[in-house]
Amino acid sequence: MSESDFAEHGERTEEVSGAEVIAQALKTQKVEYVFGIVGIPVTEIAVAAQGVGIRYIGMRNEQAACYAASAIGYLTGRPLIVIGGSSERSQETMGAFQEFPQVEACRLYSKFSARPSSIEAIPSIIEKAVRSSIYGRPGACYIDIPADFVNLQVNVNSVKYTECCLPPPVCMAETSAVGMAASVIRNAKQPLLIIGKGAAYAHAEESIRKLVEQCKLPFLPTPMGKGVVPDNHPNCVGAARSRALQFADVIVLFGARLNWILHFGLPPRYQPDVKFIQVDICAEELGNNVRPAVTLLGDINAVTEQLLEQFDKTPWQYSPESEWWKTLKEKMESNEALSKELASQKSLPMNYYTVFYHVQEQLPRDCFVVSEGANTMDIGRTVLQNYLPRHRLDAGTFGTMGVGLGFAIAAAVVAKDRNPGQRVICVEGDSAFGFSGMEVETICRYNLPIILLVVNNNGIYQGFDTNTWKEMLKFGDVTAVVPPMCLLPNSHYEHIMTAFGGKGYFVQTPEELQKSLRQCLADTTKPSLINIMIEPQATRKAQDFHWLTRSNM
């Protein structure tokens, strides 16, 4: 058919590349951000994404790019789609450049994994990946793009873009199960609500807060459930976590899984006869590790509204004068007093509690708090407060180190676009910072409103001071005499920030910490890093149970 024939039939003779089709398909599915590292054969995809108005953030490490994308999915409710370039189709099985069975490998770790059979199939594959990613329990999906597809040209008329998928359907729990759950709660002598990440993702903050206040129930947030109801709410019993878990007789789980973070729901961390009420969007999660008294399958916000209807019909409140409340408040007061005692210590180097209490004093109420590390993350959870939902990001269930800077970059991009002036505080252990420290260049390149706090104890878990380090070296080679958890003492991580144009501070005293943090918060023009030296042997206060307590089956 000649060009005049195309014109006569009203069709366009333009051609479009695979990269352009990918970009437009993503745009049609309302994808706003792409995080990645360009290289053969995906550079053109990044350029095409920018061409249709998608924001491209170039990272320094592929893992950090995926961490950032996952945080964006959590913060915005849009998908985590991994797009990878693979070898050309004609070279399969020949040992092509970086040839690997990517689609098959990713099926183990993603909700959907596919390779389009043609350029024309790309829009429908991307729509299905987006839909799979956000429906039910959200999760990652993988799309494999053969290298020859990226620049392959097809007629623009042969490509049909699939409309943006509908929002996830809102599912409600069975009415009879909701009534049963309300009855179990009413009969509880020592009730507890646990608010998980799923509740934050479901935007259930208003309904859950109403339930807490209407029924006068104590609640405990999981790490990323912090802020769904503010940490300073009088019903928050986070400071008595172990006591609350160990002696509650009825526990309602709002989007929280009974995994290692909640000690599997088993003794000795829980009563053998504790009754669990599970509220979850994922049917496969219900009944894991324990047999629940009631299961409520559905959207967490919708199910909470159903529970509220039950308590509206027949009003009920848990007595604030109960022995259970008295026990929890006494434990909270004793734990808070111990933490304040540790924070008030004047000895140098500082300990974790001193650092975090001084940081907490200055944190803006609306800031994002990102954290990773061992003691740095664990102690930070108990001291650093969150007042808004989806404003805490940390290593979570997998406990993976290296997530911090990727998460912080994602939060900063969202903050910059949607709430200019909002700050991101990224609290890193010195070991954790090392996993993705080169992303400081990314932070400076995009001039993101991030303040990095590196809590530096010269090691993994614990380290040694300079004098002890020098003494150890007298006994032989570093590889033979230095304990594996040690890092180089007094490393000046702040120079990494200044090397790329940001501001860096090296602090050793509370006064220096206070001053440098004030300066960082006042200066919104540059990212900054405060390298905070603490006692190398510092640790957290004594715990009733080890963090990985083995449960009695």
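Cut-off values and rules
- Residues numbered from 1 in each chain as written.
- Predicted model: local features only at pLDDT ≥ 70, side-chain atom pairs only at ≥ 80, totals over all residues.
- Heavy atoms only, no water.
- Helix = DSSP H or I, 4+ residues; strand = E, 2+ residues; numbered from the N terminus.
- Rg over C-alpha atoms; globule rule 2.2 N^0.38 Å.
- Buried < 20%, exposed > 50% of the residue type's maximum accessible area, 1.4 Å probe, protein only.
- Contact = heavy atoms within 4.5 Å.
- Areas by Shrake-Rupley, 256 points an atom, 1.4 Å probe, with all protein chains shown as cover.
- Lys, Arg positive; Asp, Glu negative; His and termini not counted.
- Charge placed at Lys NZ, Arg CZ, Asp CG, Glu CD.
- Pairing = 2+ DSSP bridges.
- Right-handed = clockwise from strand over helix to strand, strands pointing away.
- Patch = residues over 30% accessible without salt bridge, like charges linked within 9 Å, V, L, I, M, F, W, Y side chains within 5 Å.
- Salt bridge = Lys/Arg side-chain N within 4 Å of Asp/Glu carboxyl O.
- pLDDT = per-residue confidence, 0-100.
- Phe/Tyr/Trp six-rings, centres within 6.5 Å; stacked < 30°, edge-to-face > 60°.
- Lys NZ or Arg CZ within 6 Å of the ring centre and 35° of its normal.
- Axes fitted to C-alpha atoms, helices over the stretch in contact; angles between N-to-C directions.
- Parallel < 35°, antiparallel > 145°, perpendicular 65-115°, else oblique.
- Nonpolar A, V, L, I, M, F, W, Y, C, P; charged D, E, K, R; others polar.
- Core = buried A, V, L, I, M, F, W, Y, C linked by side-chain atoms within 4.5 Å.
- Left-handed = near helix turned anticlockwise from the far one by under 90°.

A. How the structure looks around the overall build of the protein chain. Within the protein chain, the regular secondary structure consists of 22 helices and 20 strands. Against the globule reference of 24 Å for 553 residues, the protein chain gives a C-alpha radius of gyration of 26 Å, in line with a compact fold. On the principal axes, the C-alpha backbone points of the protein chain span a range of 85 × 70 × 45 Å. The buried share of the protein chain, taken over its 553 residues, is 53%. Within the protein chain, counting contacts between residues at least 6 apart in sequence, those at least 24 apart form 76% of the total. A total of about 25,100 Å² of accessible surface is found on the protein chain, and carbon and sulfur atoms cover 53% of it. Of note, the protein chain has its 50 positive side-chain charges centred 7 Å away from the centre of its 58 negative side-chain charges.

B. Looking closely at the pairing of strand β3 (residues 55-58). In terms of strand pairing, strand β2 (residues 33-36) meets β3 through four bridges, oriented parallel. By the bridge assignment, valine 34 is partnered in β3 with tyrosine 56. Taking the sense of rotation as the criterion, the β-α-β connection linking β2, helix α3 (residues 43-51) and β3 turns out right-handed.

C. Looking closely at a nonpolar patch on the surface. A grouping of Ile460, Tyr461 and Met485 is seen on the molecular surface, where their side chains present a nonpolar patch of about 290 Å² in accessible area. Mapped onto the elements, methionine 485 comes out in the loop between α20 (478-481) and α21 (494-499). Relative accessible area serves as the criterion here: at 35%, methionine 485 is assigned to the partly exposed category.

D. Summary view of the confidence of the model for the protein chain. Here the protein chain averages 94 in pLDDT, while 95% of its residues score no lower than 70. Below pLDDT 50 for its whole length, residues 1-8 participates in five contacts with residues either more than four positions away or in separate chains.

E. Here's a closer look at the pattern of salt bridges. Here the structure, examined in full by the defined rule, presents 17 salt bridges. A salt bridge links arginine 381 to aspartate 378; the shortest N-O distance between them is 3.5 Å. With arginine 381 and aspartate 378 both in helix α15 (residues 375-383) and three residues apart, the pair spans about one turn of that helix. The salt bridge involving lysine 503 is made with aspartate 523; its shortest N-O contact spans 2.9 Å.

F. How the structure looks around a negative patch on the surface. A surface patch of negative charge is lined by Glu206, Glu305, Glu309 and Asp312. Ranked by the residues each element gives to the negative patch, the list is headed by helix α12 (residues 300-313), at three residues.

G. Quick look at the packing of aromatic side chains. Across all of its chains, the model carries five aromatic pairs by this definition. Here phenylalanine 433 and tyrosine 493 contribute two aromatic rings whose centre-to-centre distance is 5.5 Å and whose plane-to-plane angle is 70 degrees, an arrangement assigned as edge-to-face. With phenylalanine 433 in helix α17 (residues 430-436) and tyrosine 493 in the loop between α20 and α21, this pair connects stretches of sequence that are 60 residues apart. If you follow lysine 197 out to its NZ or CZ, it ends over the ring of tyrosine 74, 5.2 Å from the centre.

H. Molecular detail of the sheet that holds strand β14 (residues 392-394). The strand order across the open sheet formed by six strands is β14-β13-β15-β16-β20-β19, and the pairing between neighbours is parallel. Whereas interior strands pair on both sides, the edge strands pair on one side only; in this sheet they are β14 and β19 (503-507). Across the sheet, the mean angle separating the axes of adjacent strands is 15 degrees when strand polarity is ignored. As defined by bridge partners, strand β13 (residues 368-372) adjoins strand β15 (residues 424-429) across five bridges and the pair is classed as parallel. Across the sheet, phenylalanine 368 pairs through a bridge with valine 424, a residue of β15. Against the sheet, α15 contacts β13, β14, β15 and β16 (450-456), and its axis sits at roughly 155 degrees relative to β14.

I. Geometry of the sheet that holds strand β11 (residues 275-280). Spatial strand order, β9-β8-β10-β11-β12: five strands in an open sheet with parallel pairing. If you trace the sheet from one side to the other, it starts and ends with β9 (219-221) and β12 (294-297), each paired once. Sheet twist, expressed as the mean angle between neighbouring strand axes with direction ignored, is 15 degrees. Bridge count for β11 against β12 is four bridges, and the pairing is parallel. The residue bridging isoleucine 277 from the neighbouring strand is valine 294, located in β12.

J. Summary view of the pairing of strand β10 (residues 250-254). Along β10, five of the five residues are buried, which leaves the element largely enclosed by surrounding structure. Side chains Val250, Val252 and Phe254 of β10 all project onto a buried face; the interleaved residues Ile251 and Leu253 project onto the opposite face, where all are buried too. The pairing of strand β8 (residues 191-195) with β10 spans five bridges and is parallel. Its bridge partner being in β10, proline 191 is matched across the sheet by valine 250.

K. Structural detail: the packing of helix α13 (residues 323-343) against helix α14 (residues 352-362). Interaxial distance between α13 and α14 falls to 7 Å at its minimum, and their mutual angle equals 95 degrees. Relative to α14, the element α13 is oriented roughly perpendicular. In this structure, α13 uses Glu336, Ser339, Lys340, Leu342 and Ala343 to contact α14, whose residues at the interface are Tyr353, Thr354 and Tyr357. Along the lines of polarity and charge, the residues of the contact of α13 with α14 split into four nonpolar, two polar and two charged.

L. Expanded view of the nonpolar core. Grouped together as the largest cluster of nonpolar side chains are 103 residues, with contacts concentrated most on Phe35, Ile208, Phe254, Leu296, Ile450 and Leu452. By residue number, the principal contributor to this core is helix α16 (residues 404-418), which donates ten residues. In terms of nonpolar packing, the next biggest core, distinct from the first, is built from 31 residues, Val21, Ala23, Ala49 and Val130 among them.

M. Local environment of the packing of helix α8 (residues 175-186) against α12. It is the contact of α8 with α12, at a shortest axis distance of 9 Å, that shows an interaxial angle of 60 degrees. In the crossing of α8 with α12, the sense of the turn from one axis to the other is right-handed. Contact with α8, carried on its side by Val178, Gly179, Ala181, Ala182, Ile185 and Arg186, involves Gln306, Leu307, Gln310 and Phe311 of α12 and no other residues of that element. Taken together, the residues that form the contact of α8 with α12 break down as six nonpolar, three polar and one charged.

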